[in-house]
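# Summary of structural features
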2 protein chains.
Amino acid sequence: MQISSRFTLAVHIFACIDTFGSEYKVTSDFLAGSANVNPVIIRKILGQLKGAGLIAVARGTGGTTITKPLDEITFLDIYNAVECVEKGELFHFHENPSTDCPVGRNIHHILDDKLIQIQNALERELAAITLADIKRDTEKYLSEENV
Amino acid sequence: MQISSRFTLAVHIFACIDTFGSEYKVTSDFLAGSANVNPVIIRKILGQLKGAGLIAVARGTGGTTITKPLDEITFLDIYNAVECVEKGELFHFHENPSTDCPVGRNIHHILDDKLIQIQNALERELAAITLADIKRDTEKYLSEENV
DNA sequence: GTCGTTGTAATATTCTTTGTTACAACAAGA
DNA sequence: TCTTGTTGTAACAAAGAATATTACAACGAC
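Everything in this summary refers to the structure shown in the same document.

Reading the values: rules and limits
Residues numbered from 1 in each chain as written. Chains lettered and ligands numbered in written order. Predicted model: local features only at pLDDT ≥ 70, side-chain atom pairs only at ≥ 80, totals over all residues. Helix = DSSP H or I, 4+ residues; strand = E, 2+ residues; numbered from the N terminus. Rg over C-alpha atoms; globule rule 2.2 N^0.38 Å. Buried ≥ 20, exposed ≤ 12 C-beta atoms within 10 Å, placed from the backbone. Axes fitted to C-alpha atoms, helices over the stretch in contact; angles between N-to-C directions. Left-handed = near helix turned anticlockwise from the far one by under 90°. Contact = placed C-beta atoms within 7 Å. Nonpolar A, V, L, I, M, F, W, Y, C, P; charged D, E, K, R; others polar. Near = placed C-beta within 6 Å. Core = buried A, V, L, I, M, F, W, Y, C linked by C-beta atoms within 7 Å. Least-squares fit on C-alpha atoms with pLDDT ≥ 70 in both.

The next subject is the overall build of chain A. Looking only at helices and strands, chain A has 6 helices and 2 strands in total. Mapped in sequence order, the helices and strands of chain A form the string α-α-α-β-β-α-α-α. For a compact globule of 147 residues, the expected C-alpha radius of gyration is about 15 Å, and chain A comes in at 19 Å, more than 25% above that figure. C-alpha atoms of chain A, sized along the principal axes, occupy 65 × 35 × 25 Å. In chain A, which comprises 147 residues, the proportion classed as buried is 37%.

Below you can see the structure in the form of structure tokens.
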């Protein structure tokens, strides 16, 4: 099971807004062209990012802007914005372990803290990367293209 | 997107084999009863764990045994055995970013190393937990029940 | 040979993701 | 005010993965 491409799409969107936002109006159609996905997918993600307070979208006239300094937007912010897993649980637990079996009725006690520990490690690493890192590398690779 | 319940099921299976294996013959029907899932699901997971060299399953007569010391079987071993994500990639990337857009044709250069870094953190934490930890906590919770 | 079990195929069901069409609501400018 | 380009969203389709279920051949011990 993989983390939805909504996450990489969202980072792609941020890279586009930051790179082109000062020159062009960045619309969902433009972003859909760059990522090569349907514009409605983009609009849904934009809605989630807007709901998380990371971007602003201009109704009517169109166009998208980032509302916070890039070094204050972490991958974890983006992950939480676009991953709509209920209660944010990384692991899917089998639903109804038997209460008749000693192991079955204790498996949650046994496992839950370890699953949380693993999830925390993932989230810690997500929180360590910001859009400022993305900006730096985007500028690096784009300038290397124009040699 | 969540990690398949095959993972928690597999840990549950190991806890059962270790707890009951010396007393009973641990069959797929027994395990299915404890976890409350279909026996065929159990057999598929047993097949994956066997393929990874973690357990042995007796054909014909039935029953399952663990083939390595518990402290040498990590959560990562189990995760790799039962998660059939292609190439083991945690993140799903949108398939065909546009090569016409400078960001689109560089997004993999920009993102890939960061995605690997995050995946490595997850796997490092998975590797830090072993079935010996599970055995310890299983015994603890089961003995607390019999006070 | 009988019995209980495993391995596996085939199929169904459900859920999530992703894609697509359609259209009302909106804001700016002619 | 009308036109234009855009966003927000609903509705639905298509595809893929997870999980459930039935059925049965292969197997090993007795």
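After that view, the rundown keeps rolling.
Attention now goes to the packing of helix α1 (residues 6–20) of chain B against helix α2 (residues 28–35) of chain B. All names here are of chain B. Contact geometry for α1 and α2: axes closest at 10 Å, N-to-C directions at 115 degrees. Remark: the crossing between α1 and α2 carries right-handed chirality. For the pair formed by α1 and α2, the contact residues are Leu9, His12, Ile13 and Cys16 on the first element and Leu31, Ser34 and Ala35 on the second. Residues belonging to the contact of α1 with α2 are distributed by class as follows: 5 nonpolar, 2 polar and no charged.

Before going further, it helps to examine the interface of chain A and chain B. Each side of the interface is counted separately: chain A has 52 residues, and chain B has 51 residues. Per element, the largest residue contribution to the side of chain A that touches chain B is 11 residues, and it comes from helix α5 (residues 107–127) of chain A. Each residue belonging to the side of chain A that touches chain B can be placed in one class, and the counts come to 28 nonpolar, 18 polar and 6 charged.

The full set close to DNA strand D counts 25 residues, and Gly62 of chain A together with Ser5, Asn38, Val40 and Gly60 of chain B are the nearest of them. For the surface near DNA strand D, the secondary structure elements donating two or more residues are α2 (28–35) and α3 (39–51) of chain A together with α3 (39–51) of chain B. Here the surface near DNA strand D gets 5 residues from one element, more than from any other, and that element is α3 of chain A. Of the residues assigned to the surface near DNA strand D, the class counts are 7 nonpolar, 12 polar and 6 charged.

To continue, consider the nonpolar core. Of all hydrophobic cores here, the largest spans 76 residues; its most connected members are Ala10 and Ile13 of chain A together with Ala10 and Ile13 of chain B. With residues up to four places along the chain from it excluded, the contact list for isoleucine 13 of chain B reads Leu31, Ile42 and Ile45 of chain B.

The next thing to look at is the relation of the copies chain A and chain B. Once turned by 180 degrees and shifted 0.0 Å along the axis, chain A lies on chain B with an RMSD of 0.0 Å. Here the copies are linked by what is in effect a two-fold axis. Considering only C-alpha atoms, the part of chain A nearest the rotation axis is leucine 122 of chain A, at 2.6 Å. Comparing interface residues between copies, 98% of those in chain A also lie at the interface in chain B; the contact surface is shared.

In this structure, leucine 126 of chain A sits in helix α5. Every residue in contact with leucine 126 of chain A, bar those within four places of it in the chain, is listed here: Thr74, Phe75, Leu76 and Tyr79 of chain A together with Ile118 of chain B.

Looking at DNA strand C, there are 25 residues lining it, with Ser5, Val40 and Gly60 of chain A together with Ser28 and Gly62 of chain B nearest. Elements with a minimum of two residues in the surface near DNA strand C: α3 of chain A together with α2 and α3 of chain B. No other element matches the 5 residues that α3 of chain B contributes to the surface near DNA strand C. In terms of residue class, the surface near DNA strand C is made up of 7 nonpolar, 12 polar and 6 charged.

Residues and elements named next belong to chain B. Extensive coverage of helix α4 (residues 75–82) is indicated by the burial of 6 of its 8 residues. All of the buried residues along α4 are Phe75, Asp77, Ile78, Tyr79, Ala81 and Val82. On its buried face, α4 sits against α1, α3 and α5 (107–127).

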